[in-house]
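The primary structure of each chain is shown beneath.
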Amino acid sequence: NVGTFLAISLKKAGYTVETIYSRTIESASLLAGKTGAKAVTRIEDVDPGTGIWIFALTDTATEQAIAKLGKKKGLLLHTSGSLPIDIFRGHSESYGVLYPLQTISSSGLPTSAGFPFCIEADSPDTLRNIRSLASKITRSVFEISSEDRIWLHIAAVFASNFSNHMYSIAGELLRRRTIPIEILEPLLAETARRASRIGPLASQTGPAVRNDAAIIKKHLDLLSFSPQFKRVYEDLSGSIQRMSDKTKVEQSDRNISEMGYFK
């Protein structure tokens, strides 16, 4: 999905997409047909040269493909949130990372890239080249190291993948009562807006942060039909309460310190 988005976006930006590699000829041919490229199923069949190689594969597949790569003259890039930059060391004198911080699915590829791209490079010259390429797609480009990028990736999993799973559970609960899931859309939009505007800790609401034991018990009783959902509810409520209590203590300590009680 990331490879499809990047290939189409770079084609629109004026780049020539020469070759599309995939493990199946069907996948390679599908994207090659959209970009005027050649489709191949072996890394060895990609024409060597001084162009840009973008590895938009799973981490395991990226590592396997690079192992077959040999020494190249072109700029080598991967799009992973978790692989380090030095996976390319020894394969080229110019390499880096082009990581799109966005969920991209085949059911709805983005029509534009207003989302951030995180870049990293082996040298200042390579960094300038990657920034120039990324800037053809988006106005939001951040230089992020491999050490920071893996933490960003974990944060993105919590913020996007896990929150979407919560949405899935909510949908299942509503389905049991034949309530349309669309009823939650304004709530989700406002939650994201408030978290962005004043911060997620400050915008946290609900029975857990209020320590409303009666409501929590009532919810847990209703969830008795599903030990999985009940366990998720208990774990998340406990996490919210612990973070809320920790924040209150830290804020209290800051207030006391600012009053001059501590030297």
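Residues numbered from 1 in each chain as written. Predicted model: local features only at pLDDT ≥ 70, side-chain atom pairs only at ≥ 80, totals over all residues. Heavy atoms only, no water.

Draft legend 1. Up close: the nonpolar core. The biggest cluster of nonpolar side chains holds 18 residues, and the ones touching the most others in it are Trp-53, Phe-55, Leu-69, Leu-76 and Phe-88. Looking at this core, the elements that each hand over two or more residues are β3 (52-55), α3 (59-67) and β5 (95-100). A total of 3 residues in this core trace back to one element, the largest contributor, which is β5. Listed in part, the 17 residues of the second largest apolar core include Phe-5, Leu-75, Phe-115 and Val-141. (Core = buried A, V, L, I, M, F, W, Y, C linked by side-chain atoms within 4.5 Å. Buried < 20%, exposed > 50% of the residue type's maximum accessible area, 1.4 Å probe, protein only. Helix = DSSP H or I, 4+ residues; strand = E, 2+ residues; numbered from the N terminus.)

Draft legend 2. Quick peek at the environment of Thr-126. Note that Thr-126 resides in helix α4 (residues 124-135). For Thr-126, a relative accessible area of 4% gives the class buried. Each C-alpha atom, one on Thr-126 and one on Glu-93, is 9.4 Å from the other, the two residues being 33 residues apart in sequence. Once residues within four sequence positions are removed from consideration, Thr-126 is found in contact with Leu-75, Ser-94, Tyr-95 and Ala-121. In terms of polar contacts, Thr-126 uses its side chain to reach the side chain of Asp-122, at 3.0 Å. (Contact = heavy atoms within 4.5 Å. Polar contact = N/O pair within 3.5 Å; in protein donor to acceptor, adjacent residues only side chain to side chain.)

Draft legend 3. Main features of the pattern of salt bridges. Enumeration according to the criterion identifies 9 salt bridges in this entry. One salt bridge connects Asp-47 with Lys-38, and the closest N-O pair in it is separated by 3.5 Å. Take Asp-47: its relative accessible area is 45%, and that puts it in the partly exposed class. Judged by its relative accessible area of 37%, Lys-38 is partly exposed. Of the charged contacts in the structure, one is a salt bridge between Asp-125 and Arg-128, with a shortest N-O distance of 2.0 Å. With Asp-125 and Arg-128 both in helix α4, this residue pair falls 3 residues apart, about one helical turn. With relative accessibility at 52%, the residue Arg-128 sits in the exposed group. (Salt bridge = Lys/Arg side-chain N within 4 Å of Asp/Glu carboxyl O.)

Draft legend 4. Highlighting the pairing of β5. For β5, the buried fraction is high: 6 of the 6 residues fall into the buried class. On β5, burial covers both faces: Tyr-95, Val-97 and Tyr-99 on one face and Gly-96, Leu-98 and Pro-100 on the other are all buried. Bridge analysis of strand β4 (residues 75-78) against β5 gives 3 bridges, and the strand direction is parallel. Counterpart to Leu-77 in the pairing with β5 is Gly-96. (Pairing = 2+ DSSP bridges.)

Spatial relationships are all this shows, so hold off on functional conclusions.
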